[in-house]
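Structural description and commentary
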Amino acid sequence: GCVTVFKMALELALSNVLLRHCSRSVATATAVSHRQYRGNTNNMKLSQTRLMSKVSAKHVKFLRGETGLPMKICRQALEETNDDAKAALQWIADNAELRAQQVQMKLASRSTAQGRLGSSYVNGLASMIHLGCETDFVARNVDFEDLTQEVADLLVSTRKAEIEAGNGSSDIFHIASPTTEEVTMLAEKLVGKAITKVNENVVVRRGCTVELNVPGVIGSYSHNHGQFCALVGIQAPSDAGASNVAEELARNIAQHVVGVDPGGDVSALLDTPYVMESSVTVGELVERKGKGFSEPFKIVGLLRWGLLDELPE
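What comes next concerns the included structure. (Residues numbered from 1 in each chain as written. Predicted model: local features only at pLDDT ≥ 70, side-chain atom pairs only at ≥ 80, totals over all residues. Heavy atoms only, no water.)

**Concerning the overall build of the protein**
- On a plain count of helices and strands, the protein comes out with 12 helices and 9 strands.
- Across the 313 residues that make up the protein, the buried fraction comes to 35%.
- Contacts spanning at least 24 positions in sequence make up 66% of the contacts within the protein whose residues lie at least 6 apart.
- For the protein, the computed accessible surface area is about 18600 Å², with 54% contributed by carbon and sulfur atoms. (Helix = DSSP H or I, 4+ residues; strand = E, 2+ residues; numbered from the N terminus. Buried < 20%, exposed > 50% of the residue type's maximum accessible area, 1.4 Å probe, protein only. Contact = heavy atoms within 4.5 Å. Areas by Shrake-Rupley, 256 points an atom, 1.4 Å probe, with all protein chains shown as cover.)

So, in structure tokens, the structure goes:
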């Protein structure tokens, strides 16, 4: 009887040991399987991500050529459109302002010591603009030159609308200087578009408009890829042919002003020897060109900027 009881107790003990062992094996197997599942899932997600982000180098090159945008933005556009070049172009167009804002924020802290000066003139109303950029390479680029001209034209058209609304001046040669912030807001879209294209920080440094409120012309001259720029206003009669002569004279004297800075003083300008003909002064040149018309020509104002001018705070 004791032997029988002992056998039964031994069998029960062995059964418990086997049961615990099996439980641990099942738990371990379950944990391993779970880890493998998670790993496989992560690998699947990673594979999907890589698949989604894979774009064609040919399409990136195509977008770069079509838009001039940085490679990173072209890649993002293709990633957003499953490497569809046509759809990517539309995505860029639809998100132009967003792209510009992102690039502007990224580049805003960079120095803009380089840049370009430009001007515009239409029927007695002129403007001058100073845009800053990071490198001389961009400053000399045709796209940046076009941007400078566009902003200068925009200043003229904006001031023209103000004058037509009754906010003009009666001064003969009136220089209106809006704040840098005002010009920046006016040109925000143009500048933002350029920043996205050249991938450099571009800023408005200063801008102004000039009104000539007497019959005559304003001549302009820009030198050395926009390093210097000058405007000269000449009063002239409305005689036949006078306007053409005055335009050429104003442009030539603006070129003189770039080379010989009279400090904004018309009297000092008139007394300086003319750079293209040193045997006569600028005043004598103006007198000579005005002969034969009903009234003499007269320089009524000038403006000269240099890229390295010290700007007010």
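Following the structure, the description resumes.
**Re the pattern of salt bridges**
- Using the criterion set out here, one finds 9 salt bridges in the structure.
- Put simply, Lys 197 and Asp 143 hold a salt bridge, and the shortest N to O gap is 3.9 Å. Linking Lys 197 in helix H9 (residues 188-198) with Asp 143 in helix H7 (residues 142-164), this pair joins segments that are 54 residues apart in sequence.
- We classify Lys 197 as partly exposed; its relative accessible area is 39%.
- It is possible to trace a salt-bridge network through shared partners that takes in Arg 159, Glu 162 and Glu 211. (Salt bridge = Lys/Arg side-chain N within 4 Å of Asp/Glu carboxyl O.)

**Some thoughts on the sheet that holds strand E1 (residues 114-122)**
- Spatially, 4 strands are ordered E1-E2-E4-E3 in an open sheet, and the strand pairing comes out antiparallel. Each edge of the open sheet is held by one strand with a lone partner, namely E1 and strand E3 (173-176). With strand direction ignored, the average angle separating the axes of adjacent strands in the sheet is 15°.
- Across 8 bridges, strand E2 (residues 125-133) lies against strand E4 (residues 203-212) in antiparallel orientation. Looking at the pairing, Leu 125 lines up with Glu 211 of E4.
- Each of E1, E2, E3 and E4 touches H7; the most contacted strand, E2, lies at about 140° to it. (Pairing = 2+ DSSP bridges. Axes fitted to C-alpha atoms, helices over the stretch in contact; angles between N-to-C directions.)

**Comments concerning the environment of Met 185**
- Relative to the elements of secondary structure, Met 185 occurs in helix H8 (residues 180-186).
- Separated by 19 residues in the primary sequence, Met 185 and Val 204 place their C-alpha atoms 9.5 Å from one another.

**Examining H9**
- Residues of H9 that are buried include every one of Val 191, Gly 192, Ala 194, Ile 195 and Thr 196, and no others.
- Of the residues flanking the end of H9, it is Asn 199, one or two places downstream, whose phi is positive at about 55°.

**A word on the sheet that holds strand E9 (residues 298-306)**
- Strands sit in the order E5-E6-E9 across an open sheet of 3 strands; the sheet is antiparallel. A single partner strand is all that each edge strand has here, and the edge strands are strand E5 (216-223) and E9. Geometrically, the sheet is characterised by an average inter-axis angle of 10° between neighbouring strands, direction not taken into account.
- The sheet strands contacting helix H10 (residues 242-259) are E5, strand E6 (228-235) and E9, and the helix crosses E5 at an angle near 35°.

**Observations regarding unusual backbone geometry**
- In this structure, Asp 83 is a non-glycine residue whose phi angle is positive, near 65°.
- Positionally, Asp 83 belongs in the loop between helix H3 (71-80) and helix H4 (85-94).
- A positive phi angle, close to 55°, is found at His 225, a residue other than glycine.
- Mapping His 225 onto the fold places it in the loop between E5 and E6.
- For His 225, a relative accessible area of 39% corresponds to the partly exposed category.

**Thoughts on H7**
- The end-to-end C-alpha distance of H7, which contains 23 residues, comes to 33 Å, matching closely the 33 Å that a straight helix rising 1.5 Å per residue would cover.
- Among all positions of H7, only Phe 144, Leu 147, Thr 148, Val 151, Ala 152, Leu 155, Val 156 and Arg 159 are buried.
- Where H7 begins, the side chain of Asn 141 points an oxygen toward the backbone nitrogen of Asp 143, at a separation of 2.6 Å.
- Positioned one or two residues after H7, Gly 166 has a phi angle of 95°, which is positive. (Expected span 1.5 Å × (residues − 1). Polar contact = N/O pair within 3.5 Å; in protein donor to acceptor, adjacent residues only side chain to side chain.)

**A few points about the environment of Met 276**
- Secondary-structure assignment places Met 276 in the loop between strand E7 (273-274) and strand E8 (277-281).
- By relative accessible area, which is 57% here, Met 276 ends up exposed.
- Sequence separation between Met 276 and His 256 is 20 residues; the distance between their C-alpha atoms is 7.8 Å.

**Details of the packing of H3 against H4**
- At a closest axis distance of 8 Å, the pairing of H3 and H4 adopts a crossing angle of 115°. Taken as axis vectors, H3 and H4 run roughly perpendicular relative to one another. Every pair of crossing elements has a handedness; the one defined by H3 and H4 is right-handed. Judged by residue contacts, Gln 76, Ala 77, Leu 78 and Glu 80 of H3 engage Ala 85, Ala 88, Trp 91 and Ile 92 from H4.
- Looking at side-chain class alone, the contact of H3 with H4 contains 6 nonpolar, 1 polar and 1 charged residues. (Parallel < 35°, antiparallel > 145°, perpendicular 65-115°, else oblique. Left-handed = near helix turned anticlockwise from the far one by under 90°. Nonpolar A, V, L, I, M, F, W, Y, C, P; charged D, E, K, R; others polar.)

**Some points on the pairing of E8**
- Where E7 lies against E8, 2 bridges are found, and the strand directions are antiparallel. Note on E8: the bridge partner recorded for Pro 273 is Thr 281.
- A loop of 2 residues connects E7 with E8, the two strands running antiparallel in sequence.

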